[in-house]
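Tertiary structure, described
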Amino acid sequence: MEKVKRSGKAKSTPVEAWFAAQGWKAQPFQQEVWAHMVTGRSGLLNAPTGTGKTYGVWGGVVNHALHDSEPGLRAIWITPLRALANEIADSAQRMCDGVGLGWTVGTRTGDTSTKERAAQKKMLPHLLVTTPESLHVMLSSKGTAALFSKLEWFVADEWHELLGSKRGVQVELALSRLKALRPQLGIWGISATIGNIEEAMDVLMGLDQRAHLVDRTRSVDPPGRPTPVLVRSNIQKPIEMHTILPKKVEHSPWAGHLGLRLAKSLLPIIEQSTSTLIFTNTRGQAEIWYHHLLDIAPELAGTMALHHGSLDRNLREWVEKALDEGRLKAVVCTSSLDLGVDFRPVETVVQIGGPKGVARFAQRAGRSGHRPDAVPRIWFLPTHALELVEAAALRQAVNSGNVEARQPMVRSFDVLVQYLVTLAVGDGFDPRTLYDEVRSTFCFSTITPEEWDWLLTFITTGGKSLLAYDEFRKCVVDNDGLVRVDDRRIATRHRLSIGTIVSESSLAVKYLSGGHIGTIEEYFINQMRPGDVFWFAGRSLEFVRVKDLTAFVVKSKATKGKIPSWQGGRMPLSSYMAKVLRSQFTITPNNVKEKRSAPEMTAVQPLLDRQRESSIVSTEDELLIERFESKEGHHIVVYPFEGRLVHEALGSLLAFRMSLLKPITFSIAMNDYGFELLSDEPIPIQEAIDNDFFSEKHLLDDLQRSLNATELARRKFRDIASISGLVFKGMPGKPVKERHMRGNSSLFFDVFTDHEPDHLLLRQAYDEAFNLQLELPRLHAVLQRIARMRIVLKDPGNFTPFAFPIIVDRLREKLTSEQLEDRIRKMTERLEKG
C-alpha cells in the first residue's frame, strides 16, 4: 500500500475508507480485484512480493460480505506455511474490525491447540486460515455438507509455492469437493511471478473451467460460472543487486572455499542496515554461517539469530517476533523465511551461494523493501569463484524480468488414494459422482475408468496382491452404494496420517535438564557416540544418549564439533537458470559491452583466462569435453552446464554406452557445471563421439539399464507407500523407526514387482524416478541441444580450473576434512605450476 496524506474525502467503499484511515492508497490492481470479487468472479492475482497482495484479495472478500455477520464459515484461506497462519489471521481481523464487519477470524493448523479445535467443532469462524493438510482433516469429518454450507470464498495464498508439489494436488482435490458442495464458490489464487502464470490459474480453477479459459478475451461469460480473470499488478519493483567481490580470484575454485573468506565483508552490511536476512540454501549451511559469524564478530551475540525448519517452533516464533519488533540486527535463515506477510524492519537481504533459480532469488530479494514504494535490496556472496558467473546470470535474469515455470503434478495416485479414504472416513462417497469430480482436476484429468475401478478395489480389498490381508481392507461399500470406513481404528490412524510432506525420520533434541531445542534426522544421531560434540540451533551441544526417540544433550564449551546435515540438502540448477548461465560465456558484437561491464565477469576473468590457457571456455554452441590422466587414472570431464541432476543421468548414460564398446568400470562425480568419468584404463571418448553416444535414441531403455532404475523407483516408493497409507508412520509420540518404515515399503515394492507389475503405485514410483528425480523431459531437451552443438575435445594434460571443483566434490565423499585440505593444497600447487 502506498502512503498518502490523509484526507476527509469519502471513499467509495468501507475498505477504501479503512485504507485511507491507515494512511494508505489502494493500488490499481487491488481495486481491480475488489471490483471483480463484488460480482462473485474468481481469478488469480499476480503481483510482486511486498505490494499488498493479501489485502488485495481479503479486501474483496470483505467488500462482498459487508453487513453479513451471521454465524458460519464463509471463507477459507490456504497458506503453505503454518507459521504464517497467525500473521494472516491478525491482518484479516484488523480489516474486519476496521470496517465494522462482525466477522471472527481463526486458524487451524498442526499447531492449533486441542481446546481451540474443540471450540471450532461447535462454531467455526467466518474466515479460517489453514493449510492443505488441515483442510483435508476437515473433509474427513462427518457432516461436511453442513460444515461448508455457507462457504463463499476459497483463497490459495502463495499458489506458486504449492503448484508443482503434492500439497498443490491436495488443494486441487479439496477444491473439486468444495465446488461440488458449493457450485458458486469464488476461488482466488495469490501468486508471485512464475513463467507459466496462466497455466497456474488453469490448475487452480480446475478443468471444469478450462472451456471458459480458452478465450480470455471474451466479453460475455459462458453459461454457468463466470470466466476467471488474471489480474496483474502494474507495479514494477526493480531489484537492487550487489555482489560481494573477492580481492583475488583463485585459479582453483571449489565449493565453499571462497564464502567463509568473504564473511568479514558481511559485517559492514549488517552494521549499516536496520536488519538483515542472510539466506543459505540448506539448514547445515545456516548452522555453519551462524557459528562462523559469531566467531569473527562476537559482538553480534544477542542481536543475531538462527531460523530454519528443524528448530523448535517456539524458538522460530521468538525469532520472527523479535525481527518484526526490530530487536534483531541479523537472522541467518533458510527457505523457512522465504515467505511472509510483512517483516517491516527488514532492510537488506544477503544470499549465500547460488540460489539455483531466478524465482527463488527474486522471492528472497522481496523480503526486503516489503512495501510498494520500497526497493528490494539483495547482496550476493559467492561461495566459490565460478558462482561469480552465476551472479552475472542472476543480474541479467532479474533485469529481464523472466523467471522459471512451475510444472504442475500429474497422476499422483498416492495422494488420490489418501483422499478417497479421507472422504470415506467422513460422510462416505458415491464412486460415480466422485469420479467426475476427480477428473475435473488438472492432476487427474487423464484418469481412466479402469484406473478408477482399480483404485476402488485397492481401498476396499487391498488389491490383487494384498487380498488375503484384512488390514488393507480400509473401506467398505454400503447397501446404498457409498464407500465408507466403518472401523474406528482405521479412521483414527488415517486422520493421523493425512498429509504429503514426507521427510527422513527425526529425533527430538532436548536438554537433559529439560527444554526442547528442535529435531535432527535419525541417521545423523546414529553416527554420534556419547561425549561427541555437535553444533545445532547455534549452540555447542554434547550428546548424552537416545531414549524414547529423543536425543538428550548437555551444553558444551567446545569450540569445534560436527554440523548436522540433512538429506536432500542440495538444490539443482533450474533449466532457465542454466540457460542464462551458459549465455554468460558467449560474447557477441551485440553483447560485448554488457558482458565486459558486468562486475562479476570482470572479477572472474583471471580464472577464465587460466582456463583458456590449457583448454577453452565453451560458448552456448559448444560442448567442451576434457581428457587427461593422473595418478588416480584416466579422466573425462564434460561441461553441459545443466545442473547436478541432469549431469548425474548424463554421466551414467555415457558410461553405460561406452561400456558397450568394451568392458570398463567408471566412478562418476558431478556438480552444476559438468560431470567427471574416472577409470583405471583409457576411456574411449572419441569413439563415443563418433558413435553419437549423446543421442536421445533409446534413452529410456539405456537409462533403466545404466542407473539401476529399480533402486531409484524403490526410493521413491517409500514416500508413496507412506502417503497412500500402505505404511503407517506411527502414533503421536511413538513414530515407527526409519529402518522399519524403509523395510516395510521395500517389502511391498518387491511383492508388487513380482506379483502385480501394473500396480498403479508401483508405476507411479517409476514415473517419479524418471520424470522428477532424473528430469527425463529436460534430459531429452538437453540431448537435442547437444545434437545441434559442436563438440570440442581437449587434452589439457592436467585438470583445469573448470574441472577442479568437480574433482574436489568427489574427494570430499571419501576423505576427512584434514585429508581433503591437504589434497586441495597439493592440487592447487600443481594447477598453479601449469
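All chains use their own residue numbering, which begins from 1 and follows the written sequence. Local features in this predicted model are restricted to residues of pLDDT 70 or higher, and side-chain atom pairs are both shown and tallied only at a pLDDT of 80 or more, whereas totals for entire chains, interfaces and linings draw on every residue. Side-chain figures throughout are based on the complete set of non-hydrogen atoms in the structure, without hydrogens or water.

As a further point, take the overall build of the protein. Helix and strand assignments come from DSSP, with helices taken as H or I runs of at least 4 residues and strands as E runs of at least 2, each series counted from the N terminus. When you go through the protein residue by residue, the secondary structure sums to 34 helices and 29 strands. Exposure is judged per residue with a 1.4 Å probe applied to protein chains only, and the accessible area is read against the type maximum: over 50% gives exposed, under 20% gives buried, and values in between give partly exposed. Looking at the protein as a whole, 57% of its 834 residues are labelled buried. Residue pairs in contact within the protein that sit at least 24 positions apart in sequence constitute 73% of those at least 6 positions apart. With the model as given, the accessible surface of the protein reaches about 35,400 Å², and the carbon-plus-sulfur share is 50%. By definition in these notes, contact holds between two residues if any of their heavy atoms fall within 4.5 Å. Calculation of accessible area relied on Shrake-Rupley with a 1.4 Å probe; when residues are assessed, cover is drawn exclusively from the protein chains displayed.

Before going further, it helps to examine the confidence of the model for the protein. pLDDT is defined as a per-residue confidence score from the predictor, taking values between 0 and 100. Per-residue pLDDT for the protein averages 86, and the proportion of residues at 70 or more is 88%. A low-confidence stretch, residues 1-11 (pLDDT under 50), is modelled with 27 contacts involving residues beyond four sequence positions or located in other chains. Scored below 50 in pLDDT, residues 210-220 makes 16 contacts in the model with residues more than four places away or belonging to other chains.

Buried residues dominate strand β23 (residues 622-630), accounting for seven of its nine residues. Think of it this way: DSSP has to see at least two bridges between two strands before they count as a pair. Note that β23 and strand β29 (residues 790-794) share five bridges and pair parallel. Along β29, the bridge assignment pairs L623 with I791. In the sheet, β23 pairs with strand β24 (residues 633-639) via seven bridges, with the strands oriented antiparallel. Within β24, the position partnered with L624 by the bridge is Y639. Connecting the antiparallel pair β23 and β24 is a turn made up of two residues.

Pairing is mixed in the open sheet, where five strands are placed in the order β25-β26-β24-β23-β29. Bordering the open sheet on either side are β25 (667-670) and β29, each of which pairs with just one other strand. Neighbour to neighbour, the strand axes of the sheet diverge by 20° on average, direction disregarded. Fitted lines through C-alpha atoms serve as axes, helices being fitted only where they are in contact, and the angles separating the N-to-C directions of these axes extend from 0 to 180 degrees.

A few words on the environment of S614. Inspection of the secondary structure assignment puts S614 in helix α25 (residues 605-614). When its relative accessible area of 26% is taken as the criterion, S614 is described as partly exposed. A sequence separation of 185 residues divides S614 from F799, and the C-alpha atoms of the two residues are 9.2 Å apart. Not counting chain neighbours up to four residues away, the residues in contact with S614 comprise P796 and T800.

The next subject is unusual backbone geometry. With phi around 70°, K356 is a residue other than glycine that occupies positive phi space. Inspection of the secondary structure puts K356 in the loop between β14 (348-352) and α15 (358-365). Positive phi, normally seen in glycine, also occurs at A537, with a value near 60°. Position of A537 relative to the elements: it lies in the loop between β20 (533-536) and β21 (539-547).

So, on to helix α17 (residues 413-425). Spanning 13 residues, α17 covers 18 Å between terminal C-alpha atoms, matching the ideal 18 Å at 1.5 Å per step. Counted residue by residue, α17 has 13 buried out of 13 residues, so it is predominantly covered. Here, expected helix span is obtained from the residue count minus one, scaled by 1.5 Å.

The strand order across the open sheet built from five strands is β19-β18-β22-β21-β20, with neighbouring strands paired in mixed fashion. The outermost strands of the open sheet, each flanked by one partner alone, are β19 (516-521) and β20. Between one strand axis and the next, the sheet turns through 40° on average, direction left out of account.

Glancing now at the environment of N46. For N46, the position within the fold is in strand β3 (residues 43-46). Sequence-distant contacts of N46, that is, excluding residues within four places in its chain, are made with S191, A192, T193, I197, L230, V231, R232 and S233. Within the structure, the side chain of N46 is placed 3.3 Å from the backbone oxygen of S191, a separation counted as a polar contact. Polar contacts here mean pairs of N or O atoms no more than 3.5 Å apart (in protein, one a potential hydrogen donor and the other a potential acceptor; neighbouring residues in sequence count only if both atoms are side-chain atoms).

Another aspect to go through is the packing of aromatic side chains. Each aromatic ring pair is specified by the distance between its two centres and by the angle formed by the two planes. Any two rings among Phe, Tyr and Trp, with Trp reduced to its six-membered ring, count as a pair given centres within 6.5 Å; such a pair is stacked if its planes are under 30 degrees apart, edge-to-face if over 60, and tilted if neither. In this structure the tally under the stated criterion is 26 aromatic pairs. Measuring from ring centre to ring centre gives 6.4 Å for Y469 and F472, while their planes differ by 85°; the resulting arrangement is edge-to-face. Using a relative accessible area of 47% as the deciding quantity, one classes Y469 as partly exposed. Between F641 and F802, the ring centres sit 6.0 Å apart and the planes meet at 80°, which makes this aromatic pair edge-to-face. Taken as a pair, F641 in the loop between β24 and α26 (644-659) and F802 in the loop between β29 and α33 (804-812) lie far apart in primary sequence, 161 residues in all. The pair formed by F641 and F802 is uniform in burial state, with each residue classed as buried. Above the ring of F728, the side-chain terminus of R493 is found at 3.9 Å from the ring centroid. Charge-over-ring placement is defined geometrically: NZ (Lys) or CZ (Arg) within 6 Å of the ring centre, and within 35 degrees of the ring normal. Note that R545 overlies the ring of F552, its terminal NZ or CZ placed 5.5 Å from the centroid.

Burial of the side chains of strand β10 (residues 240-243) is restricted to one face: M241 and T243 are buried, whereas none of E240 and H242 on the reverse face is. Of the strand pairs in this sheet, β10 and strand β15 (residues 377-381) are connected by four bridges, and their pairing is parallel. Each residue of the ladder has a partner; that of E240, found in β15, is R377.

In this section: the packing of helix α9 (residues 166-181) against α17. Two numbers describe how α9 lies on α17: the axes approach to 10 Å, and their chain directions differ by 40°. The orientation of α9 with respect to α17, classified from their angle, is oblique. In terms of crossing hand, the pair formed by α9 and α17 is right-handed. Listed contacts from α17 to K166, V169, Q170, L173, S176 and R177 of α9 are D414, V415, L416, Q418, Y419 and L423. Three categories are distinguished: nonpolar for Ala, Val, Leu, Ile, Met, Phe, Trp, Tyr, Cys and Pro, charged for Asp, Glu, Lys and Arg, and polar for the others, with Gly belonging to the last. Here the contact of α9 with α17 is composed, by residue class, of six nonpolar, three polar and three charged. If an angle is under 35 degrees, it is roughly parallel; if it is over 145, roughly antiparallel; if it lies from 65 to 115, roughly perpendicular; otherwise it is oblique. By convention the crossing between two helices is left-handed if the near helix lies anticlockwise of the far one by an angle smaller than a right angle, and right-handed if it lies clockwise.

Time to look at the side chain of Q584. Position of Q584 among the secondary structure elements: in the loop between α22 (575-583) and α23 (592-597). Judged by its relative accessible area of 5%, Q584 is buried. A polar contact of 2.7 Å, which involves the side chain of Q584, links it to the side chain of Q396. For Q584, the side chain forms a polar contact with the main-chain oxygen of V580, separated by 3.0 Å.

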